[in-house]
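As a plain string of letters, each chain reads:
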Amino acid sequence: MSQANEKANRIATLPFSAHFDLASGLSNDYSSTKRPLSKMLGMYSDAEAFQVLVEAGDPDVYEFYELTMPDSANELLFGTSIVYPGRVGREYYMTKGHFHTILDTPEVYYCLNGQGYMLMENPEGDWKAERFLPGQAVYVPPRYAHRSINTGDVPLVTFFVYRADSGHDYGTLETKGFRKLIVDRNGQPEIVDNPKWSGER
Ligand SMILES: O=P(O)(O)OC[C@H]1O[C@H](O)[C@H](O)[C@@H](O)[C@@H]1O
Ligand SMILES: [Fe+2]
């Protein structure tokens, strides 16, 4: 097993450190998980533009580092997320987005490079888009689904920390979508209602 893999698979009950490049977000110590566009079927509003891009080479939309930690409320998971610049139709490249399985767990993101938004919404109907700019930290409160969106032309790099037992619930948003979309309008990001959003849970 390589030293990198040994590190990636460690159970983090001992002190350790990890490297993440400030500009690219990439790590010398770990291997990332990549999300090609084809893994986001149904998540972009322009299905035709989605299909064209997948057939033209299926670009990686984002990648992130997921450390292995004990599934415990007494541990924290951290790493970087890198959303590449691009669009599917008018909609900017973004992460799938998720609720935490333990809904009442929060998360902190700190933007290292690039620009965009953290789009958040809770089951009670509140939503908020917070700006990501280098040096800007975003607090995702308990109960809020969250999705990172790159509205710039360089990678959007964020560092995140959350409770190690939080878990990821993708199902709710896969069927319902987010209430809001962030789309390009004459070169500027605009927040609009998601026409496909369904209030039914
Ligand atoms: O899980 P996604 O919505 O696809 O986003 C990818 C990743 O983004 C962030 O970095 C989160 O902290 C991770 O927990 C998440 O898995
Ligand atoms: Fe999360």
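For every chain, the first residue of the written sequence is number 1, and numbering continues from 1 along that sequence. Each chain takes a letter, starting from A, and each ligand takes a number, starting from 1, following the order in which they are written. A pLDDT threshold of at least 70 governs which residues receive local features in this predicted model, and a stricter bar of 80 or more applies before side-chain atom pairs are shown or counted, although totals over entire chains, interfaces and linings include all residues.

1. Digging into the overall build of the protein chain
Here's step 1: A tally of regular secondary structure across the protein chain gives three helices and 13 strands.
Here's step 2: Between the two quantities, the radius of gyration covers C-alpha atoms and the globule rule is 2.2 Å times the number of residues to the power 0.38. Radius of gyration (C-alpha) of the protein chain: 17 Å, near the 17 Å computed for a compact globule of 201 residues.
Here's step 3: For the protein chain, the C-alpha atoms occupy an extent of roughly 50 × 35 × 30 Å along the three principal directions.
Here's step 4: Three exposure classes are used. Buried residues have 20 or more other C-beta atoms within 10 Å of their own C-beta, exposed residues have 12 or fewer, and partly exposed residues fall in between, all C-beta atoms being placed from the backbone. Looking at the protein chain as a whole, 28% of its 201 residues are labelled buried. Strands here mean DSSP runs of E at least two residues long; helices mean DSSP runs of H or I at least four residues long; both are numbered from the N terminus.

2. What about the site of ligand 1?
Here's step 1: The environment of ligand 1 is formed by F64, S81, T95, K96, G97, H98, F160 and H168.
Here's step 2: A class-by-class count of the residues in the shell around ligand 1 yields two nonpolar, five polar and one charged. In this text, near has one meaning. A residue is near a molecule or strand if its C-beta atom, placed using the backbone, is within 6 Å of it. Classes in brief: Ala, Val, Leu, Ile, Met, Phe, Trp, Tyr, Cys and Pro nonpolar; Asp, Glu, Lys and Arg charged; the others, Gly included, polar.

3. As for the sheet that holds strand β8 (residues 127-132)
Here's step 1: Strand order across the open sheet formed by three strands is β8-β7-β10, with antiparallel pairing between neighbours. At either end of the open sheet lies a strand with only one pairing partner, and these are β8 and β10 (145-150). In this sheet, neighbouring strand axes are inclined to one another by 20° on average, regardless of whether the strands run parallel or antiparallel.
Here's step 2: A pair of strands is considered paired only if DSSP assigns at least 2 bridges between the two. Taken together, the six bridges between strand β7 (residues 116-121) and β8 define a ladder with antiparallel strand orientation. Considered in β8, the bridge of M118 is made with E130. Throughout, an axis means a line fitted to C-alpha atoms (over the contacting stretch in the case of helices), and angles, computed between N-to-C directions, take values from 0 to 180 degrees.

4. Description of the sheet that holds strand β6 (residues 107-113)
Here's step 1: Across the sheet, which stays open at both edges, the six strands sit in the order β1-β2-β3-β11-β6-β9 with antiparallel pairing between neighbours. Of all the strands in the sheet, the pair left with one neighbour each is β1 (33-36) and β9 (137-140). For this sheet, the mean angle separating the axes of adjacent strands, direction not counted, is 20°.
Here's step 2: Across three bridges, the pairing between strand β2 (residues 60-64) and strand β3 (residues 76-83) is antiparallel.

5. Concerning unusual backbone geometry
Here's step 1: One non-glycine residue, D58, adopts positive backbone phi at about 50°.
Here's step 2: In the Ramachandran plot, N186 falls in the positive-phi region, its phi being about 50° despite a non-glycine side chain.
Here's step 3: Along the chain, N186 falls in the loop between β12 (180-185) and β13 (188-193).

6. Notes on the nonpolar core
Here's step 1: Ranked by size, the top nonpolar core spans 32 residues in total, and within it V83, M118 and L119 carry the most contacts.
Here's step 2: With four residues, β7 is the single largest residue contributor to this core. Joining buried Ala, Val, Leu, Ile, Met, Phe, Trp, Tyr and Cys residues through C-beta atoms within 7 Å gives a set, and that set is a nonpolar core.

7. Comments concerning the confidence of the model for the protein chain
Here's step 1: Confidence scores here are pLDDT values: one per residue, from the predictor, ranging 0 to 100. Residue-level pLDDT values for the protein chain average 93, and 93% of them are 70 or greater.
Here's step 2: Listed scores for the predicted complex are pTM 0.93 and ipTM 0.95.

8. So, the UniProt feature "domain: Glucose-6-phosphate isomerase prokaryote" (unreviewed entry) in the protein chain
Here's step 1: UniProt positions are given in the numbering used here, feature names are shortened, and annotations may be inferred rather than shown by experiment. Sequence positions flagged by UniProt for "domain: Glucose-6-phosphate isomerase prokaryote" (unreviewed entry) are, in local numbering, residues 38-188.
Here's step 2: The distance separating the terminal C-alpha atoms of residues 38-188 is 26 Å; by composition the span is 10% helix and 40% strand.

9. Regarding the environment of P195
Here's step 1: Structurally, P195 is set in the segment after β13.
Here's step 2: P195 sits in the exposed class, given 8 other C-beta atoms within 10 Å.
Here's step 3: In sequence terms P195 and S45 are 150 residues apart; their C-alpha atoms lie 8.3 Å from each other.

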